[in-house]
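# Working through the structure, step by step
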Amino acid sequence: MAKTNKLKIFNDPIYGFIGTPNELIFNLIAHPYFQRLRRISQMGLSYLVYPGAHHTRFHHALGCMHLMRKAIDVLRFKQAVISEEEEKGLLAAILLHDIGHGPFSHALEYTLVPNISHETISLRFMEKLNEEFKGELTMAISIFKGEHPKKFLNQLVSSQLDMDRLDYLKRDSFYTGVAEGNISSERMITMLNVCEGELVVEEKGIYSVEKFLMARRFMYWQVYLHKTSLVAEQLLIKVIRRAKHLMSEQQEVFASEALRSFLTYKEDVEFDGQKLQSFSMLDDVDIIAALKAWQNHDDFVLARLSQMLINRNLLNIKIKNKPINVDLIDSKTEWVSNNYKVENEALDYFVFSGEISNRAYNENRQNINILRKNGKLTDVAKASDHLNLKALAKTVTKYYVCYPKESV
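Anyway, here's the lowdown on the structure attached to this text. (Residues numbered from 1 in each chain as written. Predicted model: local features only at pLDDT ≥ 70, side-chain atom pairs only at ≥ 80, totals over all residues. Heavy atoms only, no water.)

## Some words on empty space enclosed by the protein
Inspection of the entire model under this criterion finds two cavities of 30 Å³ or more. By volume, the largest cavity amounts to about 100 Å³. What lines the largest cavity is a set of 15 residues, and nearest its centre among them are G102, L108, E109, Y110 and F279. Looking at the lining of the largest cavity residue by residue, the class counts come to eight nonpolar, six polar and one charged. Of the voids in this model, the second largest cavity is the one considered here, and its volume is about 80 Å³. Looking at the second largest cavity, the residues that line it are Q155, S159, Q160, L161, L199, V200, V201, Q366, N367, I368 and N369. The element best represented in the lining of the second largest cavity is strand 4 (residues 198–202), accounting for three residues. (1 Å grid on protein atoms, 1.4 Å probe; cavity = no way out; pocket = protein on both sides within 12 Å on 5 of 7 lines; lining within 4 Å. Points joined across faces, edges and corners; volume = space filled by probe spheres on them. Nonpolar A, V, L, I, M, F, W, Y, C, P; charged D, E, K, R; others polar. Helix = DSSP H or I, 4+ residues; strand = E, 2+ residues; numbered from the N terminus.)

In structure tokens, the structure reads:
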């Protein structure tokens, strides 16, 4: 790459000034693949509930890199061995960990590109960048894939206490104004250590871990799985599904070139270099422009769903602790059938049900170990005297049903 490294500083509202630690990071940030993250909303359609939630994946990636630098300093101070090459790998891996997100982040995952996760697309981007940067990302890719022999390096990028979670909880809490999610990321990082090759938390940091897990639970139920965000994202999925259906029937549907490429995407098509290039041109702007055009489409379903999203006049949603009564779904479906101009097979665009679940702490997935003063390791759920912590390890499932407001 021919760019010249300058002293580049970003003024972040959470951490203050964030610098670029080396030339590789400077050039990665400047790359069009990474600049695209400025146009990808961090929290999908949550801004329909929390007006301040307009921050992007670009903000988040820089914040994660900043926290990673702090973590590296702390662990080196505590005698953990991290070479210069491993440091570069860690910083590049965390910077690029979300580069594969599509429009509105998780909202359209698996909808535009069936059967392929954003992590897989991130890896494809990193491999392509590794070719451009002549192998400089080889270490980063190894860490991102969880294959580095030093397990704690992999855990800093992906685990239940990684830099990704430490940033998004604090950042999303800040931009939504939901104080319950605010955690002290830097306090948590100062409590990190390495024992038996794994990332652990020192015993005096147990209360910080408890606060972190409780904050995660609050943020999921109060923000990430908020019922209005949920119905909006379901509508977005359904409007894309309808556009795909109309295109498959050779009906004219407005779309940018990048979006059209994925509205006609077939599951058996390989996600190759050309598709990756098309994906790199796709962001929130393509979807919003399409919704604005589709609200005037001749197809009633496409137009009505688009109008609901553009004008925030969404479907009604109810969330219950028990599965939804079939009679309720049948009565709402009958109302739509009698009042909307849609064929029977299209009724489920307007009346549908589903379930959501959350587990704040998964002790079976790279559990959080507390390093006792005697040198022994104990799982945080056992080490804590906080009764709620054991409850956080259980999966909570809730059920929802959506239907038009006019039918109420």
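Moving on from the coordinates now.
## Section: the sheet that holds strand 7 (residues 369–371)
Strand order in the open sheet made by the four strands is 3-4-7-8, with mixed pairing throughout. The open sheet is flanked by strand 3 (192–195) and strand 8 (377–379), the only strands paired with a single partner. Across this sheet, the average inter-strand angle for adjacent strands is 50°, counted without regard to direction. Relative to strand 8, strand 7 runs antiparallel, the two sharing three bridges. Paired with I370 across the two strands is T378, which belongs to strand 8. (Pairing = 2+ DSSP bridges. Axes fitted to C-alpha atoms, helices over the stretch in contact; angles between N-to-C directions.)

## With respect to the nonpolar core
Core analysis: the largest hydrophobic core is formed by 142 residues, its most contacted members being L28, L95, L156, M163, L236, W294 and F350. When residues in this core are grouped by element, the largest group, eleven residues, is from helix 3 (residues 57–77). In this view, M163 contacts C64, L67, M68, A71, I94, L156, I189 and L192; residues no more than four positions away in its chain are not counted. (Core = buried A, V, L, I, M, F, W, Y, C linked by side-chain atoms within 4.5 Å. Buried < 20%, exposed > 50% of the residue type's maximum accessible area, 1.4 Å probe, protein only. Contact = heavy atoms within 4.5 Å.)

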